[in-house]
Amino acid sequence: MKNKFYVTTPIYYVNAEPHIGHTYTTVAADILARWHRQQGDETFFLTGTDEHGAKIAEKAAEAGVEPQDFVDKVSTTFQKAWSDFGISNDSFIRTTDSSHKQAVQRAVEVMLEKGVIVKDKYEGLYCQGCEQFKNEKDLINGKCPDHLTVPQWMSEEAYMFKLSNFQHELVRRIESDEIKVRPVERKNEILSFITQHGLRDVAFSREKVKWGIPFPGDENHTIYVWADAFLNYLTGLGWQGEAGVCPRMWPATVQLMSKDILRVHATIWQAMLIALDLPTSKELFIHGFFLVEGQKMSKSLDNVIAPAELIKRYGVDGARYLLMSATSFGHDGDIGRKFFDDKFTADLANGLGNLVARVSNLLEKNSIATKLRAGTDQDLTSKVSSAMNDLKFDEVLKILWQKIALMDELLSEKKPWKMESVTEISDVLVPVAQTILNVADLLLAFMPTTAQQVIKQFEANQIVKGESLFPRLVD
Ligand code: MSP
């Protein structure tokens, strides 16, 4: 029977254009989706944009345009960035889609009927950058550590979601891995947060925020942007807001994100699912944060790297490779332009690109005919599959690049270009060509165009030298 595989990325805020942090998560999800499709699994890959809330309304006002026009424009930028990056998402959800809005309103009604949302009053601190309520303990010198801003004091009538009711059940599910939080350090971190701080009820409505989905039955309120946003993972599958009606692809096999939004995903989101009589997520995988030359990426530091910039310099597959090999998936990593340039030259231009060129050139020059098919190295395939199952993308690339290095060494040692006899040359080159083909097959999810090109080239009866895969950087 086919396995079901549903992978999601966070839906990104449209207050700013996409950068390589968003790209990293999206490429990782794309690799998983492509890999699972290649294994024959029934796969669904969802990404999208998060378009409501005070932060976005403020940006639209600064730009002097209506919020809807503003979000339309930025959402299009995200869609274009992903299409340029070869992202194979099955759907793109926008929280301003009318079907999403209706389903969210219905879900809120259901939660009101069930008594898990009740009208009350909320007082506390709110960070608009995070669009989240904060405790004093979350702050450093009175500021939000992520946004370096002083949170606002909020005191307003609000419909409260009874998150505290779910504390015990959430701890049970996370502890037992019914909701798997990975890497395991993140599981421990979230469990100790819940048990030490306890879960407080959260305001699911905002009185003063106009740019949001109207709260059902109370026109003075809009729905809290996170309550609206989380439901994308269901509405993106066509869910209409009814409790207990589970879309075919739900629960998500893996939901990717970084540590900034783990807490809300492991608590509010899972509690909403329980409240709606739906299965909780199978796995939340928390990858690391990119720093650029030691600094957090930010507009004010002028160190934001845009996805288009990477494509321009390294090509789509080059950029995908550099992102995924930059750091171990699940841990923070420091990147930068020089780091990318050096890695491009070493691993792609001098590594894979050069090996493919040398081998195909010699096979063509000596008119050596071959009939190769991919997938002959069981040991390699199983090592890669096992790393893929653990989402160790960088590890997969290391395994494959070790093979490439081994082939380079073999060629340097045997020097087939100095050999006289075609049989001798063929004996050296054909196994190397077979290895290249096996590597390319396992690279399909990572570098789809390059891998397909190499497969086509090396499955031909007469392998010929093709175009250079990774032209050297010139400046
Ligand atoms: N809109 C919310 C998510 C709602 S999901 C129901 C949000 N959006 S965001 O635009 O801020 O995206 C945050 C996510 O973008 C992170 O969790 C991570 O996936 C990705 N990244 C943003 N910056 C990043 C880095 N510097 N490094 C790695 N990933 C980063 O939060």
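Above this text is the structure in question.
Residues numbered from 1 in each chain as written. Predicted model: local features only at pLDDT ≥ 70, side-chain atom pairs only at ≥ 80, totals over all residues. Heavy atoms only, no water.

## Description of the overall build of the chain
Counting its secondary structure elements, the chain contains 15 helices and 16 strands. Taken over the C-alpha trace, the chain has a radius of gyration of 25 Å; the compact-globule value for 475 residues is 23 Å, and the two agree within 12%. For the chain, the proportion of its 475 residues judged to be buried stands at 55%. In the chain, of all internal contacts separated by at least 6 residues, the share reaching a separation of at least 24 is 77%. (Helix = DSSP H or I, 4+ residues; strand = E, 2+ residues; numbered from the N terminus. Rg over C-alpha atoms; globule rule 2.2 N^0.38 Å. Buried < 20%, exposed > 50% of the residue type's maximum accessible area, 1.4 Å probe, protein only. Contact = heavy atoms within 4.5 Å.)

## Examining the sheet that holds strand β5 (residues 117–127)
Read from one edge to the other, the open sheet built from 4 strands follows the order β6-β5-β7-β9, with strand pairing classed as antiparallel. Each edge of the sheet is formed by a strand with only one pairing partner; in this case those strands are β6 (132–134) and β9 (202–203). In the sheet, β5 pairs with β6 via 3 bridges, with the strands oriented antiparallel. Its bridge partner lying in β6, Leu125 is registered against Lys134. Each of β6, β7 (152–161) and β9 is contacted by helix α9 (residues 262–275), which is oriented at about 25° to β7, the strand it contacts most. (Pairing = 2+ DSSP bridges. Axes fitted to C-alpha atoms, helices over the stretch in contact; angles between N-to-C directions.)

## Structural notes on the sheet that holds strand β14 (residues 290–292)
By definition, the strands of a sheet pair up through backbone hydrogen bonds, in either a parallel or an antiparallel sense. Pairing in this open sheet of 3 strands is mixed, and the strands run β15-β14-β16 from one edge to the other. Since the sheet does not close on itself, it has two edges, and those belong to β15 (295–296) and β16 (333–335), each with one partner. Here β14 pairs with β16 via 3 bridges, running parallel. Opposite Leu291, over in β16, you have Asp334 as the bridge partner.

## Concerning the packing of aromatic side chains
This structure, assessed with the given rule, holds 27 aromatic pairs. Here Phe133 and Tyr224 contribute two aromatic rings whose centre-to-centre distance is 5.2 Å and whose plane-to-plane angle is 50°, an arrangement assigned as tilted. Of this pair, Phe133 sits in strand β6 while Tyr224 is found in the loop between β11 (222–223) and α7 (225–230), placing the two residues 91 residues apart along the sequence. Neither Phe133 nor Tyr224 differs from the other in exposure class; each is buried. Look at Tyr233 and Trp269: their rings are 5.5 Å apart centre to centre, the planes differ by 50°, and that puts the pair in the tilted class. Here Trp269 lies in helix α9 and Tyr233 lies in helix α8 (residues 232–235), a separation of 36 residues in the sequence. Feature note: the residues Tyr6, Tyr13, Phe44, Trp226, Phe230, Tyr233, Trp250 and Trp269 constitute an aromatic cluster, connected by ring pairs. Directly above the aromatic system of Tyr126 lies the positively charged group of Arg206, at a separation of 4.3 Å from the ring centroid. (Phe/Tyr/Trp six-rings, centres within 6.5 Å; stacked < 30°, edge-to-face > 60°. Lys NZ or Arg CZ within 6 Å of the ring centre and 35° of its normal.)

## Remarks on the site of the ligand
Close to the ligand lie 24 residues; Ile11, Thr25, Asp50, Asp260 and Phe290 are nearest. One nitrogen or oxygen atom from the main chain of Gly21 is found 3.4 Å from a nitrogen atom belonging to the ligand. In the environment of the ligand, a nitrogen atom lies 2.7 Å from a nitrogen or oxygen atom belonging to the side chain of Asp50. Taking 670 Å² as the accessible area of the ligand by itself, protein coverage stands at 93%. Of all elements in the fold, only β2 (12–13), α1 (20–38), α7, α8 and β12 (254–258) reach the threshold of two or more residues within the shell around the ligand. Partitioning the shell around the ligand into residue classes produces 13 nonpolar, 9 polar and 2 charged. (Near = heavy atom within 4 Å. Polar contact = N/O pair within 3.5 Å; in protein donor to acceptor, adjacent residues only side chain to side chain. Areas by Shrake-Rupley, 256 points an atom, 1.4 Å probe, with all protein chains shown as cover. Nonpolar A, V, L, I, M, F, W, Y, C, P; charged D, E, K, R; others polar.)

## Observations regarding the packing of helix α11 (residues 337–365) against helix α14 (residues 422–442)
Relative to each other, α11 and α14 sit at 140°, their axes nearing to 10 Å. Taken together, the axis directions place α11 and α14 in an arrangement best described as oblique. Relative to α14, α11 is oriented so that their crossing is left-handed. Of the residues in α14, those in contact with Leu355, Val356, Val359, Leu362 and Leu363 of α11 are Leu429, Val432, Ala433 and Ile436. Residue composition of the contact of α11 with α14, grouped by class: 9 nonpolar, no polar and no charged. (Parallel < 35°, antiparallel > 145°, perpendicular 65-115°, else oblique. Left-handed = near helix turned anticlockwise from the far one by under 90°.)

## Focus: the pattern of salt bridges
Inspection of every chain in the model, using the stated rule, returns 36 salt bridges. One salt bridge in this structure joins Asp30 and Arg34, with 2.9 Å as the shortest N-O distance. With Asp30 and Arg34 both in helix α1 and 4 residues apart, the pair spans about one turn of that helix. With a relative accessible area of 22%, Arg34 lands in the partly exposed category. In this structure, Arg172 engages Glu178 in a salt bridge whose closest nitrogen and oxygen atoms are separated by 3.4 Å. Its relative accessible area of 39% is what places Arg172 among the partly exposed residues. A cluster of three or more residues bridged by salt bridges with shared partners is formed by Arg106, Glu109, Glu113 and Glu242. (Salt bridge = Lys/Arg side-chain N within 4 Å of Asp/Glu carboxyl O.)

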